[in-house]
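Architecture and fold: a report
One letter stands for each residue in the lines below.
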Amino acid sequence: MLWLSAQLSEYAKKEQLRPYTMEEIDDMLDEAEAAFEAGDYLTNEEVFHRNKTAVSV
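The rules behind each value
Residues numbered from 1 in each chain as written. Predicted model: local features only at pLDDT ≥ 70, side-chain atom pairs only at ≥ 80, totals over all residues. Heavy atoms only, no water. Helix = DSSP H or I, 4+ residues; strand = E, 2+ residues; numbered from the N terminus. Buried < 20%, exposed > 50% of the residue type's maximum accessible area, 1.4 Å probe, protein only. Areas by Shrake-Rupley, 256 points an atom, 1.4 Å probe, with all protein chains shown as cover. Salt bridge = Lys/Arg side-chain N within 4 Å of Asp/Glu carboxyl O. pLDDT = per-residue confidence, 0-100. Patch = residues over 30% accessible without salt bridge, like charges linked within 9 Å, V, L, I, M, F, W, Y side chains within 5 Å. Expected span 1.5 Å × (residues − 1).

This part covers the overall build of the protein. Within the protein, the regular secondary structure consists of 3 helices and 0 strands. When the helices and strands of the protein are placed in sequence order, the string is α-α-α. For the protein, buried positions account for 0% of its 57 residues. For the protein, the accessible surface area stands at approximately 6200 Å², while carbon and sulfur atoms represent 59% of it.

Next up on the list: the pattern of salt bridges. For the structure on display, the rule yields 2 salt bridges. In this structure, E10 engages K13 in a salt bridge whose closest nitrogen and oxygen atoms are separated by 3.6 Å. Residue E10 and its partner K13 are located together in helix 1 (residues 2-14), separated by 3 residues, close to a single helical turn. Taking relative accessible area as the criterion, K13 reaches 59% and is therefore assigned exposed. R18 is the partner of E24 in a salt bridge, and the nearest nitrogen-oxygen pair spans 2.7 Å.

When pLDDT is averaged along the protein, the result is 88; 86% of the residues meet or exceed 70. Here helix 3 (residues 44-47) stands out as the least confident element of the protein, with mean pLDDT 86; helix 2 (residues 22-37) is the most confident, with 97.

A word on a nonpolar patch on the surface. A contiguous nonpolar surface patch, about 370 Å² in accessible area, is contributed by W3, L4 and L8. Within the secondary structure layout, L4 lies in helix 1.

Let us look at helix 2. The end-to-end C-alpha distance of helix 2, which contains 16 residues, comes to 22 Å, matching closely the 22 Å that a straight helix rising 1.5 Å per residue would cover. Positioned one or two residues after helix 2, G39 has a phi angle of 85 degrees, which is positive.

See below:
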């Protein structure tokens with residue numbers, strides 16, 4: 001875990017991120033709402049579906 005945290009920390013220092021503008025946020029919300037209205041989403045059951053053929057230990 002320490003190695004992973006160090007790798008992520010180094011990557012974050014190198015990555016030049018910028019905040020989203022309100023216009024970009026509004027566009028993302030519009031896309032998400034349109035996808036939802038079109039039925040393009042996963043149900044709770046689909047998200048948490050477990051392979052029933054997996055062997056339990």
